[in-house]
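Overview (structure and organization)
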Number of protein chains: 2
Amino acid sequence: MADKSEQSAAASGLPTVRTISEVAGVSPSTVSRALKGDPRISEKTRAAVAAIAQQQGYTPNAMARGLVTRSSGVVGIVLGNLENPFYGELVERLHSRLVEIGKYPMLLHIGGETLDSEAIKPIRQYQMDGCIITAARLSSRAAETCANHRLPMVMINRVARIHSCTVSCDNYAGGMLAGELLLEAEHRRVAFIAGREDTSTSEDRESGLLCVLRKAQLTLAGRARGHYTYDGGFAAAQELLAADPRPDAIFAANDIMALGAIDAIREAGLGVPDDLSVIGFDDIRPTRWHNYRLTTIAQPVEAMITRSIELLSERMASPDLSGESISIKGEMKLRESVRLPAGFPANASPA
Amino acid sequence: MADKSEQSAAASGLPTVRTISEVAGVSPSTVSRALKGDPRISEKTRAAVAAIAQQQGYTPNAMARGLVTRSSGVVGIVLGNLENPFYGELVERLHSRLVEIGKYPMLLHIGGETLDSEAIKPIRQYQMDGCIITAARLSSRAAETCANHRLPMVMINRVARIHSCTVSCDNYAGGMLAGELLLEAEHRRVAFIAGREDTSTSEDRESGLLCVLRKAQLTLAGRARGHYTYDGGFAAAQELLAADPRPDAIFAANDIMALGAIDAIREAGLGVPDDLSVIGFDDIRPTRWHNYRLTTIAQPVEAMITRSIELLSERMASPDLSGESISIKGEMKLRESVRLPAGFPANASPA
DNA sequence: GATTCTAGTGCAATCGTGTGCGCGAACTGC
DNA sequence: GCAGTTCGCGCACACGATTGCACTAGAATC
C-alpha cells in the first residue's frame, strides 16, 4: 500500500484520489463519491475527505474522468474572421459563459473558410461534449462526422443545413428596421452592400430591406458586394457612387463594410449624413468612434449567447433532443450617420 | 473475444485500438506501435494496420493517450482584450501554428485583468503541455501553481516576473524609431499617450522616445494615460491639446489610442498631419483605413509567433531548459499621419 | 544440428477516475 | 431476540491507449 502511494506520488507529484484515500483511510471510490456529493456517503466522511482534498490541493484529472464518463468537459469553438471585432466580443462572452457551466472551450478553427474534416478532428480525439460554430460552413464530410458522432452543436448566425440548432439575430426584421428608418428619413434611392455570396445573414438583411422598399413602391438604387471586409465595403461604395443618379442612402450588411463605405463617400468629397446616409449591422465598437458614429442594428449578443448556451446545455444533457432554431430581434442604435427624419426625437427608437 | 469487441463497439460506436486489432488479427499493442511508426513492427504489418485504421475511420482517443503519456496535447492560451484587433490577429496565427505542431489551444482567459488561480485550473485538470500568455499578469498564486507544475510557458509582450520565457517586440527600439521620425519631421513638442500603469510595453516605448528626445536636448511636451483603449486615447489627446503651447506631435503607446487621438484632434478642429503628427504602435488593420492612414511601428507578429512556438516546443520536449527572453525589432510603417520630413523619400524607412 | 541472435509480436500492467454490486453493521419492528 | 431493512463503504472492473518485458520463430554461426 505504502509502495503504491509512493509510486503514484513519484509518477506525477500531484495528489490523486488514491493519495487522498490513503490519508483519509478510506477507499478511492469513497473519495470519488464524497467529492461528487453522493448521498450514500455520510456527512462526516464527506467533510473529512473534502478537507483533506482541499489541504492537499487536489484537482481531479479531467482526462481520466473523461475517459470513463465519456464526457471531456471540452466544447469546441469555431470562430469567424477576428478582424471583425464582432467575433472578438462574441468569443469573450462565450468563454465566460462556458466556464460558468463547467465547460472549457477549445479553438477548432478561426477564419471564414469552409470547415474541413481535418479541422474537426479534435472533436473526436478529445470526445468533445459539444460545439459552437459561428460564421463558417461545414464541409459535407465534416457535417457527416458531427452527425454520426451525435455531437450537440449550436450554430450562431448560420442557417442549419444539417439537423442541429441555430441561434441568430432576426436578420430579416433587422433589414426592415434599417429600411424603415431610411424611408422615414425621406431617402428614396437606397443601395445595399452585400456580404459574401453564400451567407444567409446578408441575404436575409437584404430581403428585409427589399420588403420595406417594395411596400413603398421602390426598388434598390444599387447593389454591390463587400465581402464583409472594410476594403470590400470601401470598394463597393465607390462602385455605388459612380451610378447616376447616385444613391442617397447605403445599407451595408455589416458594420465593417459600412465603415469602409463612409470613408469612401468622404474620400469622394461627399458628406455623411449630409449627402448620403449610411446604416450598418452588428453594432461593433468602432461604430461608436467619433469619426463614424454609425447608425446600426445591434445584434442582441447577450441574448444570443444565453440561448446558445441553453440549447447546448440541454443537448449535452439529453443528446436526442431535436434541433431548434431561435431568432432574436435586433435593436436600432441611432447615431449620426443617418440624416434624422424631420421632427424625429433623437432618443426614440422607431417601431 | 467477439463479445469484448461488441462491447466496446456498443459502448461508444467508435473504433478503438481493439477494434482494429481484431480486424487485423494482431494485438492492440501491435496496432498502437504500428500507428506510431515503431521500427520494431514489420512494414507489412504496419501497412495492413494503417489500411484498416484508415478504412474504419479510426482516431486515437486523446484522453486515453494523455492519461498514460502524461501529455494531453492541449496548450492553454490567455488572451488580451479582443477589442484590440492586435490580439485577434495574434490568436488566429497562434492557432494555426499550434495545430501544425499537433497541439490544440484551449482558451483559459480573455481580457486584460490579472489572471487568478481559478482561471488556470484547467491547466492541471487537463494536464496541459504548455501555455501561451499574452497581455495579462498572473496573480502570485497562479504563478506559483505554474511553477510547481513545471509548466512550459511563453509570455508574449510581457516581462517575466517568474522563471519563464518571453517573446516581445523591441519596444524600446520601437520608441526610438518613433522619436527619430518625429524629430526628422522637425517636430519639437512631442507628447506621449501611455497605456496602462503596470505594463512594461508602454514604459519601454516611452523610454525609447525619451532617449531620442534627450539626445536632441528636448523633453516631453505632454503626457497622458490612455488605458490602451480608443476612448482613453481620445480623452488623453483632448487633455494634451488643452496645454499651451500645445504639442505638435503625439506618440501613442498603441494604435487604438492613436486612432482615438486622431479623432480628438480632428474634433478640435485641427488637422492630422497638418497641425499635429500622430504615430502609433502595433500596426493593426484599422491603421490602414482611409480615414486614418496611421504611421506606426509594426510589431513583427510573424517572427514573434515563430519564436514563441519554438521556445514552447523545446520546453515541452525538455522541461528543464531555462527561461529565455527574445526581443525582436519592429518595423516603421510610413503612412500619412506624420508630416513627412523635408525631402524625405516616401518609400524609404528611416534608419 | 545445436546454439545464439535478432526481428516481430503478445501479455499484462498502468495512467486516474467512475460505478455496479456485494458485504457487514446498525437499526427497526414485532 | 430474530428477521428484514437501511446505511455506509470497499472490491473489482471499465474506459482506451502506451510500454516494459517475455516469448516465439526464423536466420545466422560454428
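Owing to the predicted nature of the structure, the values given are computational and were not obtained by experimental measurement.

Re the relation of the copies chain A and chain B
- Each copy of the sequence occupies a distinct position, and chain A is placed on chain B by a rotation of 180 degrees and an axial shift of 0.0 Å, giving an RMSD of 0.1 Å. Such a combination of turn and shift is consistent with a two-fold rotation axis. Rotation axis and chain A: the residue whose C-alpha lies nearest the axis is M106 of chain A, separated from it by 2.1 Å.
- The residues that chain A uses at the interface reappear at the interface of chain B in 100% of cases, marking a shared surface.

A look at the protein's contact with DNA strand D
- Every one of the 28 residues lining DNA strand D counts as a neighbour, but T30, T45 and R70 of chain A together with V17 and S32 of chain B are closest to it.
- Each atom of DNA strand D within 4 Å of the protein was assigned to sugar, phosphate or base; sugar and phosphate come to 65%.
- Within the backbone of A64 of chain B, one N or O atom sits 3.2 Å away from a base nitrogen of DNA strand D.
- Interatomic distance of 2.8 Å between a side-chain N/O atom of R65 of chain B and a phosphate oxygen of DNA strand D.
- Top element by residues in the surface near DNA strand D is helix α5 (residues 62-69) of chain B. It accounts for four residues.

So, the packing of aromatic side chains
- Taken as a whole and assessed by the stated rule, the structure comprises 14 aromatic pairs over all chains.
- A centroid spacing of 6.2 Å and a plane angle of 45 degrees characterise the contact between W289 of chain A and W289 of chain B, whose relative ring orientation is tilted. With one member in each of two chains, W289 of chain A in the loop between β9 (277-282) and β10 (295-298) and W289 of chain B in the loop between β9 (277-282) and β10 (295-298) form a pair that bridges those chains.
- Looking at W289 of chain A, the relative accessible area reads 6%, which means it is buried.
- Judged by centre distance (6.2 Å) and plane angle (75 degrees), the ring pair of W289 of chain A and Y292 of chain B falls under edge-to-face. With W289 of chain A in the loop between β9 and β10 and Y292 of chain B in the loop between β9 and β10, this residue pair bridges two chains. This pair shows no difference in class: W289 of chain A is buried, exactly as Y292 of chain B is.
- Each member of the aromatic cluster is reached from another via a ring pair, and the members are Y230, F234, W289 and Y292 of chain A together with Y230, F234, W289 and Y292 of chain B.
- It is R205 of chain A that lies over the ring of F281 of chain A; its NZ or CZ is 3.7 Å from the centre.

Things to note about the confidence of the model for chain A
All names here are of chain A.
- Confidence along chain A averages 89 in pLDDT terms, with 93% of residues attaining 70 or more.
- Within chain A, helix α1 (residues 2-12) has the poorest average pLDDT of any element, 43, and strand β8 (residues 249-252) the best, 98.
- Confidence over residues 1-10 falls short of pLDDT 50; this stretch has five contacts with residues more than four positions distant or in other chains.

So, unusual backbone geometry
- D244 of chain A connects to P245 of chain A through a cis peptide bond whose omega is 0 degrees.
- With respect to the helices and strands, the residue P245 of chain A is situated in the loop between α11 (230-241) and β8.
- Of note, the phi angle at E186 of chain B is positive, near 65 degrees, even though the residue is not glycine.
- Structurally, E186 of chain B can be placed in the loop between α9 (171-184) and β6 (190-194).

Cut-off values and rules
- Residues numbered from 1 in each chain as written.
- Chains lettered and ligands numbered in written order.
- Predicted model: local features only at pLDDT ≥ 70, side-chain atom pairs only at ≥ 80, totals over all residues.
- Heavy atoms only, no water.
- Least-squares fit on C-alpha atoms with pLDDT ≥ 70 in both.
- Contact = heavy atoms within 4.5 Å.
- Near = heavy atom within 4 Å.
- Polar contact = N/O pair within 3.5 Å; in protein donor to acceptor, adjacent residues only side chain to side chain.
- Helix = DSSP H or I, 4+ residues; strand = E, 2+ residues; numbered from the N terminus.
- Phe/Tyr/Trp six-rings, centres within 6.5 Å; stacked < 30°, edge-to-face > 60°.
- Buried < 20%, exposed > 50% of the residue type's maximum accessible area, 1.4 Å probe, protein only.
- Lys NZ or Arg CZ within 6 Å of the ring centre and 35° of its normal.
- pLDDT = per-residue confidence, 0-100.

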